[in-house]
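Observations on the three-dimensional arrangement
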Amino acid sequence: MLTKPRYLSHLITEDLESKMAFIGGPRQVGKTTLALSVFNAHTKTAPFYLNWDHLSDRTRIMKEELPLSHGQLIFDEIHKYKFWRRMIKGFYDKHGDTQKVIVTGSARLDHFRKGGDSLLGRYHYYRLHPFSLSEMAAKPSKQDVEHLLKFGGFPEPLFKGQEKHWRRWQKERVTKVIYEDLRDLQQVREISLIELLVDSLPSKVASPLSIASLREDLGVAQQTVAKWIDTLDSLYLTFRISPYGSPKIRAVKKEQKLYFWDWSMNPDIGQRFENMVASHLLKYCHFLEDSEGFKMELRYLRDTDKREVDFVVVKDKKPLFAVECKVSDRELSGHMAYFKERTNIPKFYQVHMGEKDFGDAKVSGRILPFHRFCEEENMV
């Protein structure tokens with residue numbers, strides 16, 4: 001399973017014929033493995049790998065002593081170098097005809113678009129997500145859902161499948177994100193407070209996020225908390241979604257909901273399941289946006305009377321479908337029928353971890369197992 005091609009492999013291979021490929025994503029999601037596999041699958045010559053975190057590689061990068069004999073270069077975490085964009089641009093403009101280049105980073109590479117020459121038109125950017133049901137198995141089962149829900153979608157704990165290993169891996173990963181990646185991204189003095197913030201966020205998953213409440217808990221300014229959460233988003237630790245508005249409902253307008261890239265950080269089974277569904281839908285949106293250029297959005301439905309449907313997937317400003325999450329296969333939520341009558345959303349699904357499958361997504365809504373939903377809507 002670990003050696004199978006990732007879902008972005010063929011797209012990156014095609015793009016490298018004419019451009020560089022930038023791969024962003026969470027720490028330990030498999031970016032370097034993906035980059036190496038793309039090159040190793042099509043040539044007997046190993047690519048030349050440079051990691052900014054290795055002192056000897058850093059010296060070589062700063063002196064721009066880059067090899068040309070391999071024809072394939074991987075730059076890992078190079079966004080931590082102040083002049084990385086200028087260096088990459090100069091190298092690619094001079095040697096792009098003979099060199100294939102992949103750049104990877106665990107913080108959003110586009111976060112560093114500040115000053116210097118633009119690389120616009122020289123690369124395609126991909127966001128690599130954790131493993132989903134569709135990547136795990138061609139025909140995912142209920143057991144696959146349970147395994148993925150328990151261990152998360154990051155390759156190492158997912159395929160190891162051992163609780164002790166998962167607990168240790170998760171603790172070490174979060175520590176590295178906070179104490180290494182965060183400090184590389186910006187000057188932050190209150191690291192211990194950010195650690196407290198991260199510890200408190202799992203309980204906030206799936207509910208409208210209150211910055212004011214977090215400010216009171218941490219004893220810092222509201223603007224400071226908002227900045228910290230922006231930074232956690234940039235580091236691919238968390239992501240947020242905004243409400244979907246419609247003229248026929250009194251929709252909330254500003255309240256965002258927060259989720260983790262590693263849904264296994266949620267101890268509550270209901271929050272964890274909703275977070276896993278959110279991650280699958282975000283992966284679907286990012287895939288269509290990065291590979292085909294559509295403008296994709298993941299939103300949620302909520303009105304001022306607190307009627308809610310968990311997710312709405314929007315493509316080029318038009319809703320494709322809405323998704324409600326329930327752990328058990330209970331009856332359809334009445335909120336779906338309410339919003340079906342008052343919005344232009346064509347399909348409503350209610351996904352669960354059970355076996356029941358009934359209803360019509362285009363009429364009043366359909367209830368079905370999550371793994372079956374992933375098959376029918378072609379989740380990646």
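Use the structure listed above.
Below or above, wherever it landed, is the structure these notes cover.

Basis of the calculations
Residue positions are given per chain, counting from 1 as you read along its sequence in written order. For this predicted model, a pLDDT threshold of at least 70 governs which residues receive local features, and a threshold of 80 or more governs which side-chain atom pairs are given and counted, while totals over whole chains, interfaces and linings are taken from all residues. The side-chain figures draw on all heavy atoms in the structure; neither hydrogens nor water molecules are used. Per the convention used, a helix needs a DSSP run of H or I reaching at least four residues, while a strand needs a run of E reaching at least two, with both numbered from the N terminus. Burial classification: accessible surface area is computed with a 1.4 Å probe over protein chains only, and a residue below 20% of its type maximum counts as buried, one above 50% as exposed, and the rest as partly exposed. Buried Ala, Val, Leu, Ile, Met, Phe, Trp, Tyr and Cys residues that are joined via side-chain atoms within 4.5 Å together make up what is termed a nonpolar core. A contact between two residues is defined here by any heavy atoms of the two lying within 4.5 Å. Put simply, a salt bridge is a Lys or Arg side-chain nitrogen that is within 4 Å of an Asp or Glu carboxyl oxygen. Aromatic pairing here means that ring centres of Phe, Tyr or Trp (its six-membered ring) are within 6.5 Å. Orientation follows from the plane angle: under 30 degrees is stacked, over 60 is edge-to-face, and everything else is tilted. Helix span, expected: 1.5 Å multiplied by one less than the number of residues in the helix. At least two DSSP bridges between two strands are needed for those strands to be called paired.

1. Some words on the environment of R60
Mapped onto the secondary structure, R60 falls in helix α3 (residues 55-62). Residue R60 is classed as partly exposed on the basis of its relative accessible area, which comes to 30%. R60 sits 17 residues away from T43 along the chain, and the two C-alpha atoms are 25 Å apart.

2. With respect to unusual backbone geometry
The backbone phi angle of D316 is positive, close to 50 degrees, even though this residue is not glycine. Along the chain, D316 turns up in the loop between β9 (308-315) and β10 (318-325). The backbone of N378 shows a phi angle near 55 degrees, a positive value even though the residue is not glycine. By the secondary structure assignment, N378 is in the segment after α14 (370-376).

3. Some thoughts on the nonpolar core
Formed by 109 residues in total, the largest nonpolar core has its most connected members in I12, F75, I102, L281, F311 and F373. Looking at this core element by element, the count peaks at 10 residues for helix α12 (residues 269-292). When sequence neighbours within four positions are dropped, the list of residues in contact with I102 reads I12, L16, A21, I23, A35, V38, F39, L73, I74 and F75. Among the nonpolar cores identified, the runner-up in size contains 12 residues, and A251, V312, A322 and M336 belong to it.

4. Looking at the pattern of salt bridges
One pass over the full model with this rule turns up 31 salt bridges. Across the salt bridge formed by E376 and R366, the nearest N and O atoms sit 2.6 Å from each other. On the criterion of sequence distance, the pair formed by E376 in helix α14 and R366 in strand β13 (residues 365-369) is long-range, its members being 10 residues apart.

5. Remarks on the packing of aromatic side chains
A ring pair, where both rings are aromatic, is described by two values, the distance of the centres and the angle of the planes. In the structure shown here, the tally under the stated rule is 18 aromatic pairs. A centroid spacing of 5.0 Å and a plane angle of 90 degrees characterise the contact between F131 and F159, whose relative ring orientation is edge-to-face. Note that F131 is positioned in the loop between β5 (123-127) and α5 (133-136) and F159 in helix α7 (residues 155-160), a separation of 28 residues in sequence. Since its relative accessible area comes to 3%, F131 is described here as buried. Looking at F159, the relative accessible area reads 26%, which means it is partly exposed. Measuring from ring centre to ring centre gives 5.1 Å for Y349 and F373, while their planes differ by 70 degrees; the resulting arrangement is edge-to-face. Of the two residues, Y349 sits in strand β11 (residues 348-352) while F373 sits in helix α14, which places them 24 residues apart along the sequence. Judged on exposure class, the residue Y349 and its partner F373 are both buried.

6. As for the side chain of Q72
Looking at where Q72 falls in the secondary structure, it is placed in strand β3 (residues 72-76). Filtering out sequence-adjacent residues up to four positions away, Q72 remains in contact with F39, T43, T45, A46, P47, F48, Q99 and K100.

7. Describing helix α11 (residues 222-234)
An α-helical turn contains 3.6 residues, so a residue and the one three or four places further along point in the same direction. Taking 1.5 Å of rise per residue, 13 residues should cover 18 Å, and α11 covers 19 Å from first to last C-alpha, within 8% of that figure. Where α11 is concerned, the buried positions are V225, W228, I229, T231, L232, D233 and S234. Phi for Y236, located one or two positions after α11, is positive at around 60 degrees.

8. Observations concerning the pairing of β10
For a regular strand, side-chain orientation follows a simple rule: the groups alternate between the two sheet faces. With 6 of 8 residues buried, β10 is to be regarded as a mostly interior element. With 5 bridges connecting them, β9 and β10 associate as antiparallel partners. Residue F311 lies in a different strand from β10, and its bridge partner there is V323. The antiparallel pairing of β9 with β10 creates a hairpin that spans 2 residues between the two strands, and D316 there sits at a positive phi of about 50 degrees.

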